[in-house]
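Single-letter residue listing:
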Amino acid sequence: MATMLYRLGRSAFRWRWLVVALWIGVLAAVGIGASRAHLGSDSGLAMPGTESQQAADLMKSRFAGAGGGAATAQLVFVAPGGQKVTATEDKAAIERILAEVGAGPQVASATSPFQAGTVSKDASTAYAPVTYKVAANGLTDASKNALQQAIAQGKSAGLTVEVGGTALTKTPSAGGASEVVGIVAAALILLVTFGALAAAGLPLLVALLSVGIGSAGILAVGTAFGLSQTTTALATMLGLAVGIDYAVFIVSRYREERANGHEPREAAALAVGTAGSSVLFAGLTVVIGLAGLSVVGVPMLTKMGLAAAATVVVTVLVALTLVPALLGFWPNAVLSRRARKGRKAGHGGAAHGSVDAAANGAAATGAGSAGVSATLNGGARWAKWILRRPVPVLLLTVLGLGVIALPATGLHLGSQDNGTLPTSNTERRAYDDLAKAFGPGFNGPLTIVVDAKGTPDPKAAVASVAHAIGSTSGVVSVATPRFNAAGDTAVFSAIPSTGPSDTKTTDLVHAIRGERAQIDAASGATYAVTGATALDIDSAAKVQHALPLYLAVVVGLAFLLLLFVFRSVLVPLKAAFGFILSVLAALGAVVAVFQWGWLANLLGVHQTGPIMTLMPIFMVGIIFGLAMDYEVFIATRIREAHVHGNEPRQAIVSGFRASARVVVAAALIMTAVFSGFIGADNALIKMIGFGMAVAVLFDAFVVRMALVPAALALLGKAAWWMPRWLDRVLPRVDVEGEALAKRRAGHEVTAAVTAEADESDRDAQTAAV
């Protein structure tokens, strides 16, 4: 593997103009495709195999126009304190406002609350449902202004008017200005780490190109595959983070090889052959985690995972080819100022190398500075500090992350509705007014679909079902059933006594479904429960049931991959254990902030509530990939030193000497990029951005920088143990560049022998003369 990548890096350096032209051509091609396409909006969460989805599909097939996605609005009218909306003046004002709203060209209907019976029992509040002919993103400014004018007119008449529904819903941003702040922070970290503007700019350039290709590609195929803006935002988030990190590791290794005395082309080839191997396998673990989301069986999750995985694949390819090509244009610009001055001062100096010197130089090339240099930098000193007290460090890290993970035991999955919006939004105020006037369950009605096909009297059968469900404890009221044109299917809503995210509502849905056999036998019809609330409940159950299978698949595949890479049984197990700690701690932090409200105001969380259904499993997939990234980068350098002769404890110090600084920089960069998405309006993106930021901090700085060296110190030589039969069966994947080092050692020793022979011949000829 290392030899193949070595050749790839050498070729990319040599044919740099061609490589750059090819990637620019790819960007132009997908850009042209993207310019002719458009992404759809998030059309909702489909959950194949669940009762709520089956009922929704039945509605769509039996009722004309069902599920069309047309925009809706709820005009909520609240009378001043002590008054009623049924008073003559207030009623006239409401009718006047509805007449003006209903006259809009895009309005399909605007029903008076006095005709529809949508007035609260105390007559303090009423609402008027307004339906449109187009989807929310198709509404004109005139239609939206009409709703805003209704609010102003109601205020002039002494009424409070708020607008709920989807008509005024704004498209949530993916990150905005805060995303730019994250990129700027990443640039500053790179500049501090490398001390050279070119070295800081190159990873950013590579990451932006990767994200540009990935995002444009998603946009180009978005219509055909039903991809949304959320998919693009997640792909962008991951592409930026891993793109910068992968380029950082290759550039850092290039600078290391230049410091070992190699000329630019050779240093670039060695960097791709060694650090590039780690990048390749780290990228594969991320792809496994993201593509593995398809086993959950949720179409939206599958699309998001595969799109993000494709972006990561592009990022790996760009890092392995474009980075050495760009190094070919500016071979010295990425070096530190001290290194550039040193090269100028020593330029032109000649030194003969003996056979021993050549062999030693080749060994340095193979092991890198990790195993050769005696200088103790911050990473080496940190590793030595850990090695002096491995047991306390191991216990402290496990217990600390365990405490942070405790809130995850109270994880409650659901959806984010208008009740989680800030109170400055009219949709949130309408939500609160309706809950106050009609009860908390009004905002989360259950939709009951009754299939009376084949019954002697469909209307009587439906009435029997409605009466039975209405008598169920926890149901406040049921609406009048509405039949389809054929008269064999009916739909009615049941209002729970509790809110959409209340656990009692979940119990109610299970209770109604549990009565099905008895009610079906009595009525002769069958029914199913659906609606947004029921879909959330079913989605949470499906995700929770699928999580063990998902973890088994991705952890199993990654274990095999790491088994190939490290040829060890215990190192992959340690990596999996560290991943579990990181993900549980991150989920605990997410629950504490978004569900319990800790630090909510600081992070712009306006209302606590359930954790979005898909968020935990998607975050697990991403954390898994990133956790394996840092494991591969650190453990590879430790194993590299061990393979080249270091004792286990010294190999840990050598590995941290070579990798700690760049891993810390990479983790800070990822944290900065992910933190930039905390400012997103999209609740899912905000949660994932925060979860990923804290997960990277926990995994990089606690697990990989503390738990890993402590565990390896306690394991000693056993860390690299593998049964002989398994060692013979597994294919050899040379990530450390051992074969590359041997090859270079042979070449350099041969060259040195030849040079000494030539020198001896010249000396003999001179003496004879």
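These figures come from a predicted structure and were not determined experimentally.

Engineer: Outline the overall build of the chain, supporting the account with residue identities and numerical values.
Structural biologist: When you go through the chain residue by residue, the secondary structure sums to 26 helices and 11 strands. In the chain, which comprises 769 residues, the proportion classed as buried is 52%. Considering only residue pairs separated by 6 or more positions, the chain has 80% of its internal contacts joining residues 24 or more positions apart.

Engineer: Give a detailed account of the packing of helix 21 (residues 570–595) against helix 22 (residues 615–643), specifying residues and quantitative values.
Structural biologist: Orientation of helix 21 relative to helix 22, taken along the N-to-C sense of each, is 135°, at an axis distance of 9 Å. Taken as axis vectors, helix 21 and helix 22 run oblique relative to one another. Seen along the crossing, helix 21 lies across helix 22 with a hand that is right-handed. For the pair formed by helix 21 and helix 22, the contact residues are Val571, Lys574, Ala575, Phe579, Ser582, Val583, Ala586, Leu587 and Val590 on the first element and Met615, Pro616, Met619, Val620, Ile623, Phe624, Ala627, Met628 and Glu631 on the second.

Engineer: So what's going on with the packing of aromatic side chains? Which residues, and what values?
Structural biologist: Enumeration over the complete set of coordinates arrives at 11 aromatic pairs. With 6.4 Å between their ring centres and 65° between their planes, Tyr246 and Phe633 make a pair best called edge-to-face. With Tyr246 in helix 9 (residues 229–259) and Phe633 in helix 22, this residue pair connects regions lying 387 residues apart in the sequence. The exposure class assigned to Tyr246 is buried, which follows from its relative accessible area of 0%. When the centroid spacing of 3.5 Å and the interplanar angle of 20° are considered together, the rings of Phe249 and Phe633 count as stacked. Of the two residues, Phe249 is situated in helix 9 and Phe633 in helix 22; the sequence distance between them amounts to 384 residues. A relative accessible area of 7% means that Phe249 is categorised as buried.

Engineer: Explain the packing of helix 10 (residues 264–291) against helix 11 (residues 299–329) to me, using residue names and the numbers behind them.
Structural biologist: At a closest axis distance of 9 Å, the pairing of helix 10 and helix 11 adopts a crossing angle of 175°. Taken together, the axes of helix 10 and helix 11 lie roughly antiparallel to each other. Contacts between helix 10 and helix 11 involve Ala268, Val272, Gly276, Val279, Leu280, Gly283, Val286, Val287, Leu290 and Ala291 from the former and Gly305, Leu306, Ala308, Ala309, Val312, Val313, Val316, Leu320, Pro324 and Leu327 from the latter. Classifying every residue of the contact of helix 10 with helix 11 by side-chain character gives 17 nonpolar, three polar and no charged.

Engineer: Quick rundown of the confidence of the model for the chain? Include the residues and the values.
Structural biologist: The predicted model of the chain averages 85 in pLDDT, with 88% of residues at 70 or higher. With pLDDT under 50 throughout, residues 348–373 is counted as low confidence; its partners more than four residues away or in other chains account for 51 contacts. Note on residues 749–755: pLDDT is under 50 here. Beyond four places in sequence and across chains, it has eight contacts.

Engineer: Which residues make up the pairing of strand 3 (residues 125–132), and what are the values?
Structural biologist: In terms of residue burial, strand 3 counts as a mostly covered element, since six of its eight residues are buried. One ladder, built from seven bridges, connects strand 1 (residues 72–78) with strand 3; its direction is antiparallel. Looking across to strand 3, one finds that Val78 is bridged to Thr125.

Engineer: Pulling in residues and values, what's your account of the side chain of Glu427?
Structural biologist: Mapped onto the elements of the fold, Glu427 is located in helix 16 (residues 426–438). Here Glu427 is buried and forms no salt bridge, its nearest opposite-charge partner Arg429 lying at an N-O distance of 7.4 Å.

Engineer: Any details on unusual backbone geometry? Residues and values, ideally.
Structural biologist: Phi at Arg567 takes a positive value of approximately 50°, unusual for a residue other than glycine. In this structure, Arg567 sits in the loop between helix 20 (532–566) and helix 21. Overall, the relative accessible area of 6% leaves Arg567 in the buried class. Positive phi outside glycine occurs at Leu599, with the angle close to 60°.

Engineer: Please give an account of the sheet that holds strand 1 that cites residues and values.
Structural biologist: If you walk across this open sheet you meet the four strands as 2-3-1-4, and the pairing is antiparallel. Because the sheet does not close on itself, it has two edges, and the strands there are strand 2 (107–110) and strand 4 (160–165). When strand polarity is set aside, the average angle formed by the axes of neighbouring strands in this sheet is 20°. Strand direction decides the pairing type here: strand 2 and strand 3, joined by three bridges, are antiparallel. The residue of strand 3 that forms the bridge with Ser109 is Thr131.

Engineer: A description of the pattern of salt bridges should follow, citing residues and the corresponding values.
Structural biologist: Counting across every chain of the model gives 16 salt bridges. Here Glu51 ties to Arg516 by a salt bridge, and the two come within 2.7 Å at their closest N and O atoms. In this pair, Glu51 is assigned in helix 3 (residues 51–62) and Arg516 in helix 19 (residues 516–523), connecting sequence segments 465 residues apart. Taking the shortest distance from any N to any O, the salt bridge between Glu256 and Arg637 comes out at 2.9 Å. Of this pair, Glu256 sits in helix 9 while Arg637 sits in helix 22; the two residues are 381 residues apart in sequence, bridging distant segments of the chain. Given a relative accessible area of 9%, Arg637 falls into the buried group.

Engineer: Describe the side chain of Asp538, and please don't skip the residues or the numbers.
Structural biologist: Inspection of the secondary structure assignment puts Asp538 in helix 20. Engagement of the side chain of Asp538 in a polar contact is seen with the side chain of Arg513, the distance being 2.7 Å. Those residues within four positions of Asp538 in sequence are excluded, and the remaining contacts are Thr50, Glu51, Ser52 and Arg513.

Engineer: Provide a residue-level description of helix 11, including the pertinent values.
Structural biologist: With 31 residues, helix 11 extends 44 Å from end C-alpha to end C-alpha; this agrees with the ideal 45 Å at 1.5 Å per step. Most pronounced at Ala319, the bend in helix 11 amounts to some 30°. Taking burial as the measure, the 31 residues of helix 11 include 23 buried ones, the bulk of the element.

Engineer: Can you tell me about the environment of Val211, naming the residues and giving the values?
Structural biologist: Mapped onto the secondary structure, Val211 falls in helix 8 (residues 197–225). Taking the C-alpha atoms as reference points, Val211 and Thr311, separated by 100 residues in sequence, lie 7.0 Å from one another. Leave out the neighbours within four places in its chain, and Val211 touches Ala216, Thr236, Gly239 and Leu240.

Engineer: So what's going on with helix 23 (residues 648–675)? Which residues, and what values?
Structural biologist: The largest bend in helix 23 amounts to roughly 45° and is located at Ser659. Counting buried positions over the 28 residues of helix 23 gives 22, a clear majority of the element.

Thresholds, definitions, all that
- Residues numbered from 1 in each chain as written.
- Predicted model: local features only at pLDDT ≥ 70, side-chain atom pairs only at ≥ 80, totals over all residues.
- Heavy atoms only, no water.
- Helix = DSSP H or I, 4+ residues; strand = E, 2+ residues; numbered from the N terminus.
- Buried < 20%, exposed > 50% of the residue type's maximum accessible area, 1.4 Å probe, protein only.
- Contact = heavy atoms within 4.5 Å.
- Axes fitted to C-alpha atoms, helices over the stretch in contact; angles between N-to-C directions.
- Parallel < 35°, antiparallel > 145°, perpendicular 65-115°, else oblique.
- Left-handed = near helix turned anticlockwise from the far one by under 90°.
- Phe/Tyr/Trp six-rings, centres within 6.5 Å; stacked < 30°, edge-to-face > 60°.
- Nonpolar A, V, L, I, M, F, W, Y, C, P; charged D, E, K, R; others polar.
- pLDDT = per-residue confidence, 0-100.
- Pairing = 2+ DSSP bridges.
- Lys, Arg positive; Asp, Glu negative; His and termini not counted.
- Salt bridge = Lys/Arg side-chain N within 4 Å of Asp/Glu carboxyl O.
- Polar contact = N/O pair within 3.5 Å; in protein donor to acceptor, adjacent residues only side chain to side chain.
- Expected span 1.5 Å × (residues − 1).
- Bend = angle between axes of the 7 residues up to and from the residue.

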